[in-house]
Amino acid sequence: LLDALTKAREIDDRIVNYRRSGAGFGRLSHCDLVSRFLQHQQKRATAGEIAENTCDRYRTALDHYLNYVRQDASPKIAAVNEIDNEFVVGFSAYLKGIRVSPNGHLNTAKRKLKSTDFVISVAASMFRWASDRNGGALLGDGFANPFENARRRTDRVSVDLFGEPDITVGMAEAFLQECDAFQLPIFSLLVFFGLRPSELTFAFRESLTADWLQICCHPELGYFTKGRRDKRLPLLPEIESILPNATRTTGLLFSSRRVAEGKLSPSLLNAAKAKLITECQALQIKHSKKRTQAQLIRESGGLTYDHIEHEFKKIADRLDWPVSATLKDFRHLFNTEMQNAGMPEFYRRYLLGQSPGRSALVNYTHLNDLRHQYEQAVSKTLKPLLAVLTNAGQER
């Protein structure tokens, strides 16, 4: 009785001082834990702390966790509080054996997970959040998270960087020669600047001058470049001459093929950035950020990643390229050729949108020679590609 009274006093003190007893939620089920964790992540996405796509990736990873609990966990563990290191080892072994669709579609050929690290790290984060008194506070103070010490090993071997990229200069030259008037500006920017395809989605005419093209984050539209870094691209005359809608000064720089060919006229076609921001704010009242952005692109007739990939595959199939040559390899080609031309790493990092580093030296470095460095590198390694653009500009 004395022990019970002492414990009750400790719990009472905790409630008064910390507003929690420290005892957790008792026998918490796995489904309940996953549901609460995903609800918390969705709130973070709504608040702008993480991207909505991140929530989808968490959900997919935790589907594997729930499938293991329901089907393969031995012995069956009904409550979260009962899991131990053996559970984690069994879950890791289960992930090694499952087969998944690479793009999420049911009809595609299934393969093994390339890496189990992400799934394990999401599960560990979920338990860390549930144990944290400032987080979910779902598990008692004495709960030991067995995922914290999970050892992650992989059979993957690092890629050998020696040799040509999957798309060479000669292949890129043949590719640009196969492009029609709609495709050439799109793929020229990917080849000559190593852009990510999604960076063309919200490229605005307002960000374009005779000498520069700015690729920027647009938080008002819910769009951020990877790494959340703005950059300024030095336009060469050959590239500037083939860009679409040369007489227009506002609106999206690129539109879908159907819009460009006049087969479709969406409601916000050629709308200025300020107009799209107003429409975006109205749509956000009704939809999530992800749906708002998709609808905004659709109503403005904008270009999407899927549009670009579709156009890429059409040309790659005509050229009989190997499957290993993908859109991303234009980025590899750009970086490789800029390196071969002697462009300093700091400039390459800037053009690729990569982090320049965190040292004080970064803040003391200004890129005041960007155009010269870029033009010099292009003239050394990408001259055959410039000739293709020159011929295309003359034909126009």
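An account of the accompanying structure is given in this report. (Residues numbered from 1 in each chain as written. Predicted model: local features only at pLDDT ≥ 70, side-chain atom pairs only at ≥ 80, totals over all residues. Heavy atoms only, no water.)

All right, on to the overall build of the chain then. Summing up its helical and strand segments, the chain has 17 helices and 4 strands in all. Overall size of the chain, expressed as C-alpha extent along the three principal axes, is 95 × 50 × 50 Å. Counting the 396 residues in the chain, one finds 41% classified as buried. Here the analysis covers contacts within the chain between residues at least 6 apart in sequence; of these, 67% occur between residues at least 24 apart. Accessible surface computed for the chain: about 22600 Å², of which carbon and sulfur atoms make up 49%. Side chains of the chain give 55 positive and 45 negative charges; the mean places of these two sets differ by 4 Å. (Helix = DSSP H or I, 4+ residues; strand = E, 2+ residues; numbered from the N terminus. Buried < 20%, exposed > 50% of the residue type's maximum accessible area, 1.4 Å probe, protein only. Contact = heavy atoms within 4.5 Å. Areas by Shrake-Rupley, 256 points an atom, 1.4 Å probe, with all protein chains shown as cover. Lys, Arg positive; Asp, Glu negative; His and termini not counted. Charge placed at Lys NZ, Arg CZ, Asp CG, Glu CD.)

Leu176, Phe187, Phe192 and Tyr374 are the most contacted members of the largest nonpolar core, which totals 56 residues. Put simply, the parts of the chain that give this core at least two residues each are α6 (169–178), α7 (183–193), β3 (212–215), α12 (305–318), α13 (328–340), α14 (345–352), α16 (370–381) and α17 (383–395). A per-element tally of this core places α7 first, with 8 residues. For Phe192, the residues in contact, after removing those within four places along its chain, are Leu176, Ile239, Phe334, Tyr374, Val378, Leu382, Leu385, Leu386 and Leu389. (Core = buried A, V, L, I, M, F, W, Y, C linked by side-chain atoms within 4.5 Å.)

Our focus in this paragraph is the packing of helix α4 (residues 85–97) against helix α5 (residues 117–131). Packed helices, taken two at a time, are described by their axes: the angle between them and the distance between them. Closest axis-to-axis distance for the α4/α5 pair is 10 Å, and the angle between their directions is 145°. Both α4 and α5 take part in a crossing whose hand is right-handed. Contacts between α4 and α5 involve Phe91, Ser92 and Leu95 on the former and, on the latter, Val119, Ile120 and Ala123. Classifying every residue of the contact of α4 with α5 gives 5 nonpolar, 1 polar and no charged. (Axes fitted to C-alpha atoms, helices over the stretch in contact; angles between N-to-C directions. Left-handed = near helix turned anticlockwise from the far one by under 90°. Nonpolar A, V, L, I, M, F, W, Y, C, P; charged D, E, K, R; others polar.)

Before going further, it helps to spend a moment on the pattern of salt bridges. Using the criterion set out here, one finds 16 salt bridges in the structure. With its nearest N and O atoms 2.9 Å apart, the salt bridge here joins Arg257 to Glu261. One salt-bridge network, held together by shared partners, links Asp180, Arg257, Glu261, Lys263, Glu311 and Lys314. (Salt bridge = Lys/Arg side-chain N within 4 Å of Asp/Glu carboxyl O.)

By the alternation rule, side chains of β3 split into Leu213 and Ile215, which are all buried, and Trp212 and Gln214, of which none is buried. Where β3 and strand β4 (residues 231–234) come together, 4 bridges link them in antiparallel fashion. For Trp212, the partnering residue across the bridge sits in β4 and is Pro234. (Pairing = 2+ DSSP bridges.)

Mapping Ala316 onto the fold places it in helix α12. When the C-alpha atoms of Ala316 and Leu327 are compared, they prove to be 9.9 Å apart, with 11 residues separating the residues in sequence. Residue contacts for Ala316: discarding those within four places in its chain leaves Phe175 and Trp321.

Attention now moves to the state of the cysteines. If you walk through the whole model with that rule in mind, you get 0 disulfides. The closest cysteine sulfur to the non-disulfide-bonded Cys55 is located on Cys280, 18 Å from its own sulfur. Of the cysteine sulfurs around Cys217, a residue in no disulfide, the closest is that of Cys216, at 7.6 Å. (Disulfide = S-S within 2.5 Å.)

What follows deals with the packing of aromatic side chains. In total, this model carries 24 aromatic pairs according to the counting rule given. Between Phe91 and Tyr94, the ring centres sit 6.5 Å apart and the planes meet at 20°, which makes this aromatic pair stacked. Of the two residues, Phe91 and Tyr94 both sit in helix α4, 3 residues apart, roughly one turn of that helix. Of the two residues, Phe91 and Tyr94, neither departs from the other in class, the shared state being buried. (Phe/Tyr/Trp six-rings, centres within 6.5 Å; stacked < 30°, edge-to-face > 60°.)

By the element assignment, Leu264 lies in the loop between α9 (257–260) and α10 (273–284). Placed 94 residues apart in sequence, Leu264 and Gly170 show a C-alpha to C-alpha distance of 36 Å. Apart from the residues within four sequence positions on either side, Leu264 is in contact with Arg258 and Val259.

Where helix α2 (residues 30–46) meets α5, the closest approach of the two axes is 10 Å, and the angle between their N-to-C directions is 90°. Of the possible angle classes, the one that applies to α2 and α5 is roughly perpendicular. Contacts between α2 and α5 pair Leu33, Val34, Arg36, Phe37 and His40 from the former with Val122, Ser125, Met126, Phe127, Trp129 and Ala130 from the latter. Of the residues belonging to the contact of α2 with α5, the class tally is 8 nonpolar, 2 polar and 1 charged. (Parallel < 35°, antiparallel > 145°, perpendicular 65-115°, else oblique.)

Between the first and last C-alpha of α13 there are 19 Å, a value that for 13 residues agrees with the 18 Å anticipated at 1.5 Å per step. When α13 is considered as a whole, its buried residues turn out to be Asp329, Phe330, Arg331, Leu333, Phe334, Glu337 and Met338. On its buried face, α13 is in contact with α6, α7, α12, α14 and α16. Just downstream of α13 lies Gly342, where phi reads positive at about 90°. (Expected span 1.5 Å × (residues − 1).)

Here the focus is unusual backbone geometry. Of note in this structure, Arg228 is not a glycine but carries a positive phi near 55°. Its place among the elements puts Arg228 in the loop between β3 and β4. With relative accessibility at 52%, the residue Arg228 sits in the exposed group. Its identity as a non-glycine residue notwithstanding, Asp320 has a phi of 60°, on the positive side. In this structure Asp320 comes out as exposed when scored by relative accessible area, which is 66%.

With that settled, consider the side chain of Ser188. Along the chain, the position of Ser188 falls in helix α7. A relative accessible area of 0% places Ser188 in the buried class. In this structure the side chain of Ser188 is engaged in a polar contact, spanning 2.6 Å, whose partner is the backbone oxygen of Leu184. Sequence-distant contacts of Ser188, that is, excluding residues within four places in its chain, are made with Leu176, Ile242 and Leu389. (Polar contact = N/O pair within 3.5 Å; in protein donor to acceptor, adjacent residues only side chain to side chain.)

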